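Spelled out from the first residue to the last, the chains are:
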Amino acid sequence: MSRTTFAVLGVVLALVPSSSGWAKAEPVCSETSGVPCTIGGTILLTRIDTSHGGGGGGATLTFINDPLNPGVTIAGSPITADPGDTATGSLSFTLQTVSGLPTITDLSVSISASFTGDATGTVKTTTPLGDDVVLGRLTPGGPDALTGHPFFPGVSSMNEVITLSGSGGANGTASLNGLTYQVSISPSKLVKAASKCRAAIIKGAGGFVQAKAKALQKCRESIVKGKLPAGTDCHANGKTAAAIGKASTKLESRIVKACAGKDKTCSTQDADGSEPSLGDIGWNIGQCPNFEHGNCTNAIDSCSDIPTCIECISEAAIDQAIGLYYDALAPSDPTSKDKAEKALNKCQVTVGKAATKFLVAKSKSLAKCWTAVNKAGSGSCPDGAAATAIAAAESKKQIAIKKACQGPDKVFGTADDLTPTNIGFVGACPTVTIPVGASCGHAVDTLSDLIACVDCVTEFKTDCAAVLAVPAFVTPYPAECNLATCSLTLQPTSSTSVQFRNVLWSGTGYTPNGTVEIDQPSGWYGICRAIVIVPGTTITADAAGNFSLFLNPTALSFSITGQPFTAVPATTFVNVDAVDQTTGCGSPIIDYPLVPPGPGPDDSLTLLYVANPANSALAPLAMPVPNETGSGTVIMGQCHTGAGPTELRFTLNGATPNRTLTMFITPFGSAPVSVGTVTTDPSGNASSFSYLPHCFANLGSSSTLSLTIDGNPPGAGNVAYQSTLVRNDVPVC
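Our subject in this report is the structure included herewith.

Conventions used here
Residues numbered from 1 in each chain as written. Predicted model: local features only at pLDDT ≥ 70, side-chain atom pairs only at ≥ 80, totals over all residues. Heavy atoms only, no water. Core = buried A, V, L, I, M, F, W, Y, C linked by side-chain atoms within 4.5 Å. Buried < 20%, exposed > 50% of the residue type's maximum accessible area, 1.4 Å probe, protein only. Helix = DSSP H or I, 4+ residues; strand = E, 2+ residues; numbered from the N terminus. Contact = heavy atoms within 4.5 Å. Phe/Tyr/Trp six-rings, centres within 6.5 Å; stacked < 30°, edge-to-face > 60°. Lys NZ or Arg CZ within 6 Å of the ring centre and 35° of its normal. Pairing = 2+ DSSP bridges. Axes fitted to C-alpha atoms, helices over the stretch in contact; angles between N-to-C directions. Disulfide = S-S within 2.5 Å. Salt bridge = Lys/Arg side-chain N within 4 Å of Asp/Glu carboxyl O. 1 Å grid on protein atoms, 1.4 Å probe; cavity = no way out; pocket = protein on both sides within 12 Å on 5 of 7 lines; lining within 4 Å. Points joined across faces, edges and corners; volume = space filled by probe spheres on them. Nonpolar A, V, L, I, M, F, W, Y, C, P; charged D, E, K, R; others polar. Polar contact = N/O pair within 3.5 Å; in protein donor to acceptor, adjacent residues only side chain to side chain.

Things to note about the nonpolar core
1) Next: One finds Ile-201, Trp-283, Phe-291, Ile-306, Ile-310, Tyr-325 and Ile-423 to be the most contacted residues of the largest nonpolar core, which totals 92 residues.
2) Next: Listing elements by their share of this core, those giving two or more residues are helix H2 (188-224), helix H3 (238-259), helix H4 (278-281), helix H5 (306-326), helix H6 (339-376), helix H7 (384-405) and helix H9 (447-468).
3) Next: Ile-423 has contacts with Leu-329, Ala-330, Leu-344, Cys-347, Gln-348, Cys-405, Leu-418, Leu-447 and Leu-450, leaving out every residue within four places of it along the chain.

Here we look at the packing of aromatic side chains
1) Next: By the definition in use, this model includes three aromatic pairs.
2) Next: Taking 5.1 Å as the distance between ring centres and 80° as the angle between the ring planes, the aromatic pair formed by Phe-93 and Tyr-181 counts as edge-to-face. With Phe-93 in strand S6 (residues 86-97) and Tyr-181 in strand S13 (residues 174-185), this residue pair connects regions lying 88 residues apart in the sequence. Neither Phe-93 nor Tyr-181 differs from the other in exposure class; each is buried.
3) Next: For the pair Phe-291 and Phe-460, a centre-to-centre distance of 5.8 Å together with 25° between the ring planes defines the contact as stacked. On the criterion of sequence distance, the pair formed by Phe-291 in the loop between H4 and H5 and Phe-460 in helix H9 is long-range, its members being 169 residues apart. Of the two residues, Phe-291 and Phe-460, neither departs from the other in class, the shared state being buried.
4) Next: It is Lys-397 that lies over the ring of Phe-358; its NZ or CZ is 4.0 Å from the centre.
5) Next: The aromatic ring of Phe-412 is capped on one face by Lys-402, whose charged end is 4.9 Å from the ring centroid.

Description of the sheet that holds strand S27 (residues 719-724)
1) Next: With antiparallel pairing, the four strands of this open sheet are ordered in space as S24-S23-S26-S27. Only two strands of the sheet have a single partner each, and these edge strands are strand S24 (673-679) and S27. Direction aside, the axes of adjacent strands within the sheet are offset by 20° on average.
2) Next: For strand S26 (residues 704-708) and S27, the ladder comprises five bridges, and the chain directions are antiparallel. Considered in S27, the bridge of Thr-708 is made with Val-719.

Quick word on the state of the cysteines
1) Next: All chains considered together, the criterion is met by 11 disulfides.
2) Next: Shown here is the disulfide that connects Cys-219 with Cys-234, its sulfur atoms set 2.0 Å apart. Across the S-S bond linking Cys-219 and Cys-234, the dihedral sits near -90°, which makes this disulfide left-handed. Within this pair, whereas Cys-219 is found in helix H2, its partner Cys-234 is found in the loop between H2 and H3, the two being separated by 15 residues in sequence. Each member of the pair, Cys-219 as well as Cys-234, carries the same accessibility label: buried.
3) Next: The disulfide bridge from Cys-347 ends at Cys-405, spanning 2.0 Å between sulfur atoms. Between Cys-347 and Cys-405, the S-S dihedral sits near 95°, and the bridge is therefore right-handed. Of the two residues, Cys-347 is situated in helix H6 and Cys-405 in helix H7; the sequence distance between them amounts to 58 residues. Summarising the burial analysis for this pair, Cys-347 and Cys-405 share the class buried.

Some details on the pairing of strand S12 (residues 157-167)
1) Next: Along S12, the buried face is formed by Met-158, Glu-160, Ile-162, Leu-164 and Gly-166; none of Ser-157, Asn-159, Val-161, Thr-163, Ser-165 and Ser-167, which line the opposite face, is buried.
2) Next: Pairing of S6 with S12, which is carried by 11 bridges, proceeds in the antiparallel orientation. From the neighbouring strand, Thr-94 faces S12, where its bridge partner is Asn-159.
3) Next: Relative to S12, strand S8 (residues 120-126) runs antiparallel, the two being bridged by six bridges. Its bridge partner lying in S12, Thr-125 is registered against Ile-162.

Some points on the pattern of salt bridges
Between side chains of opposite charge, a pair can form when the charged atoms approach closely.
1) Next: Scanning all chains against the criterion turns up nine salt bridges.
2) Next: Residue Lys-212 is joined to Glu-315 by a salt bridge in which the shortest nitrogen-to-oxygen separation is 1.9 Å. You can see Lys-212 sitting in helix H2 and its partner Glu-315 sitting in helix H5, a full 103 residues away along the chain.
3) Next: Note that Asp-327 is salt-bridged to Arg-220, the shortest N-O span being 2.8 Å. With a gap of 107 residues between them, Asp-327 in the loop between H5 and H6 and Arg-220 in helix H2 connect regions that are remote in the sequence.

Thoughts on unusual backbone geometry
1) Next: That bond from Val-35 to Pro-36 is cis: its omega, 10°, falls within 30 degrees of zero.
2) Next: Tracing the sequence through the fold places Pro-36 in the loop between helix H1 (10-13) and strand S2 (37-39).
3) Next: Cis geometry is found at the peptide bond from Cys-381 to Pro-382, where omega equals 5°.
4) Next: Here Pro-382 shows up in the loop between H6 and H7.
5) Next: Positive phi, normally seen in glycine, also occurs at Asn-658, with a value near 55°.
6) Next: By the secondary structure assignment, Asn-658 is in the loop between strand S22 (646-653) and strand S23 (660-666).
7) Next: Although it is not a glycine, Asp-710 adopts a positive phi angle of roughly 65°.

A few points about the pairing of strand S11 (residues 151-155)
1) Next: Most of S11 is tucked away, with four of its five residues classed as buried.
2) Next: Here strand S7 (residues 104-115) runs beside S11; their pairing, made up of two bridges, is antiparallel. Bridged to Ile-104 within S11 is Val-155.

A look at the layout of surface pockets
Left-over empty space is what a probe sized like a water molecule reveals as it rolls over the atoms.
1) Next: Here the second largest pocket is characterised by a volume of approximately 430 Å³.
2) Next: Among the secondary structure elements, those contributing two or more residues to the lining of the second largest pocket are H6 and H9.
3) Next: Sorting elements by how many residues they give to the lining of the second largest pocket places H9 first, with three residues.
4) Next: Along the lines of polarity and charge, the residues of the lining of the second largest pocket split into 14 nonpolar, five polar and one charged.

Focus on the side chain of Ser-706
1) Next: Counting through the fold element by element, Ser-706 comes out in strand S26.
2) Next: At 2.6 Å, the side chain of Ser-706 and the side chain of Gln-722 are in polar contact.
3) Next: Residues in contact with Ser-706, not counting those within four places in the same chain, are Thr-662, Met-663, Phe-664, Pro-714, Tyr-721 and Gln-722.

In short, geometric facts, not functional conclusions.
Here is the structure:
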């Protein structure tokens, strides 16, 4: 007989709140004590609860009264499940240090279990970092125990939840036989040493970012102002290099002083235990996590390796940010007396200066926030105070750039504003993504686009540099910070037009075994033409990163304005780009030309389909012709250029082979109009992508397409297939 039991930790249920109060020392935890009670003299248990998904009991609970590793052991069979059954249970409790100090630095959970057949079982444990430790299935014949052992910055209290689950599967049994839970209590002086070390890393990393950004910006500004030659390499400039070198030395000395113990030598364990381990400070990450697939991958074996990692990633982030502000600037003469030239130079100076001020302000706010988190032992950034400070700094930056770059009318957003082309700025914002935020990739056509790009990229660089310093609180390093760079390009098949049945995009990029997503822009002009790609259309690249895509007409959607033909410029452009979903890489945004439609079906993208068009089955509404059992879909498009053309599209599957059918359209309130024929192939399949010779101004939702035999108008016994037309436009004739 199958059974499902959760051997409820019956002894735990006896741990009811004590009436002894908090004024005196709490009793030692036992089977008969209430809560609060103490374990090992170092941990106070203030709450404990159980829940279960079955009946049963019999498990015993004992306390591990080890002052350095206090905990609890559950013996017996807390979870058992037979074939076809499942069992669940949980144990939740609250611990806090008796001293009130953040001396809990890690926890260990282990289970013993036995399984047969296809049974499974798991134990999940929460941690102060907000993630979970999951102990998975123990397989028959494999190890008989699993252990999870996460480390974290010292905390003074923990709300713990342990969840157990077991399934007997189709032909097995699961039995979780025992569980041991312990926390480690570190000496208070070691906890303080680890906290001091982490604080030094946070402050040192932020200080290096801020110092380097200010030094490089000052040099680049001197070039724009004509105080340094145009070809000056700021990294080789004596004054700039000295400032960066000083910041580097300060970072290294700060970390060694706070993290290397009494002897001030990393990797030597001082006899007094004054040097915290990499695990104590959260830097037991193996190697530097890298930045945008660069070269920041040095091994982290001791505290002396930490500044190398921080400098490498911070250098890359700041170099790229400053490069965005200055590298593409159009030449301007700061000594010119021409008002327009002076205004341009002032704008160029302000963009870099205001952006760098924002970068420095955000770095300071994040460092201050993470310092507070380190002191508390847990938390995330930015907090409310940091967010407010960052928003204020961003507002100042935007105001400064708008004021310096707006036109003579002193109104931002009007036609006389300086443009990115005037200023000298990239045409497409880098396709980096802010951790847990938005992508920066977009076209930079206006001054607002420029400001948005500077905002986004600066946020990205600063966030990735700041979070690097706190692996104890943010792990793993955000994937967005280390996405690959690539050269992903798209080229249209024609420089002058988009071909209706022949839209081919191809290119190469860093997309090994990945997919490329084609994004559909919106709001472009079109009459009977548009470049139209369904959002989410994907193509798969080969291992070398090569791809090509043939857009079948059925994969397209439409966008159209309905304006008179004369209202559209002779050549209208739409912005098109591609994004590699695997790496986050993006192609340059290109202007794709749309030209006025020609007279033939091969040179005109008429109204096609919405991304997910409603399909209409080709189902007979009258008595069907004998032996006709096919089905398919049909959609009608109506051109907006006056007399047509009108497009009809349908597919037919499983009909009588080699049969010629006449197509009739019956608009609302009108007689059927013949619009040509279609012949099924030897398999009984047919499709039509036809431009019709009639405008059909009165097509409506009740209009029908009828396929008849013998060329006769639709009538009883003559209609092989009939469908209500699915339409996506409003006809204008």
